[in-house]
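One-letter residues, chain by chain:
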Amino acid sequence: MTFHRRLATAVLLATALLGMGACATGPSLTPAQMQAVRDGEQSAIIMSYREYAGMYGAYVRFVNLGTGAVHQVEMHGGANIVNAGPDMVAVPPGRYRIQSGTLYTVDATGTMPLLGQWFEPFDVAAGEVVDVGTLHIDDVNVKALPGMGEQVINALITFNPNRTDRYLIYSVDYADAPRVEQMLASKYPDLGVVPVRRPLVGRIDRAAFERVIVEAYALNPDGSPPTVEEAQRRVGVALERLVR
């Protein structure tokens, strides 16, 4: 994950906090959208997020596989001044998959590069409010992986010291179910639709992914270490085979 730091004055930071808090507290669905859900003409997706590495906010984008339209939900994890917890986004019924995601704090943003490949598509029926679960993020430290021999670890030390050789992995559960109920009661008391739980199904097994990383960072036939870019390219190629 790459963090893009930006400088800001105390006044700008305060303004950003207040602005984010203001946009996070109101309902994301309009009264017209809620009526459309009740009438079975529209649907919605609920998602939650647990804070990762101090990144308390997350955007996740869902793409409709039939139309190509992209819909975004914003969530907050952990206790903070703009903590709004889980939220939902109105979508037409159809088949969806996660396209991408972004993490943020006041002064930093980060990507979730494998998120779009990690989970299977899922269906949203007309009039359904689908809770796909709470997103958890963990990371794999390349240098600490079992199977990375001393020679490979020594080679990794020669890589760009400004790079962190980590890969993010993802999972979902219903750890935030009480917060979802609270969000619905406070933001959408008139929604009138009971959410259904349809957790995202992982396409990638962590153990298999770790094996891919070990193989990608192995020494070349001539004994030289791959560059970080070459190792990452190998990971990408193997990952495509893994999820094919």
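Residues numbered from 1 in each chain as written. Predicted model: local features only at pLDDT ≥ 70, side-chain atom pairs only at ≥ 80, totals over all residues. Heavy atoms only, no water.

Draft legend 1. Geometry of the packing of helix 6 (residues 206–216) against helix 7 (residues 228–243). Interaxial distance between helix 6 and helix 7 falls to 8 Å at its minimum, and their mutual angle equals 145°. Between helix 6 and helix 7 lies a crossing of right-handed hand. Along its contact with helix 6, which presents Ala208, Phe209, Val212, Ile213, Glu215 and Ala216, the element helix 7 presents Ala231, Arg234, Val235, Ala238, Leu239 and Leu242. A per-class count over the contact of helix 6 with helix 7 returns 10 nonpolar, no polar and 2 charged. (Axes fitted to C-alpha atoms, helices over the stretch in contact; angles between N-to-C directions. Helix = DSSP H or I, 4+ residues; strand = E, 2+ residues; numbered from the N terminus. Left-handed = near helix turned anticlockwise from the far one by under 90°. Contact = heavy atoms within 4.5 Å. Nonpolar A, V, L, I, M, F, W, Y, C, P; charged D, E, K, R; others polar.)

Draft legend 2. Fine view of the packing of aromatic side chains. Within this structure, the stated rule accounts for 8 aromatic pairs. Relative to tyrosine 104, the ring of tyrosine 59 lies with its centre 5.1 Å away and its plane at 40°, an arrangement referred to as tilted. Taken together, the residues span a long stretch of sequence, with tyrosine 59 in strand 3 (residues 57–64) and tyrosine 104 in strand 6 (residues 94–104) at a distance of 45 residues. With 6.3 Å between their ring centres and 80° between their planes, tyrosine 167 and tyrosine 217 make a pair best called edge-to-face. Of this pair, tyrosine 167 sits in strand 10 (residues 166–173) while tyrosine 217 sits in the loop between helix 6 and helix 7, and the two are 50 residues apart along the sequence. Here a set of aromatic residues connected by ring pairs shows up, and it is made of Trp118, Tyr167, Tyr170, Phe209 and Tyr217. (Phe/Tyr/Trp six-rings, centres within 6.5 Å; stacked < 30°, edge-to-face > 60°.)

Draft legend 3. Representation of the pattern of salt bridges. Within the structure shown, the criterion is met by 11 salt bridges. Put simply, lysine 187 and aspartate 87 hold a salt bridge, and the shortest N to O gap is 3.0 Å. Placement of the pair is lysine 187 in helix 5 (residues 177–187) and aspartate 87 in strand 5 (residues 87–91), with a sequence separation of 100 residues. Residue lysine 187 is classed as buried on the basis of its relative accessible area, which comes to 13%. Assessed through its relative accessible area of 5%, aspartate 87 is described here as buried. Across the salt bridge formed by arginine 166 and aspartate 139, the nearest N and O atoms sit 3.0 Å from each other. One end of the pair, arginine 166, is in strand 10; the other, aspartate 139, is in strand 9 (residues 129–141), with 27 residues separating them in the sequence. The network of salt bridges with common partners includes Arg50, Asp176 and Arg179. (Salt bridge = Lys/Arg side-chain N within 4 Å of Asp/Glu carboxyl O. Buried < 20%, exposed > 50% of the residue type's maximum accessible area, 1.4 Å probe, protein only.)

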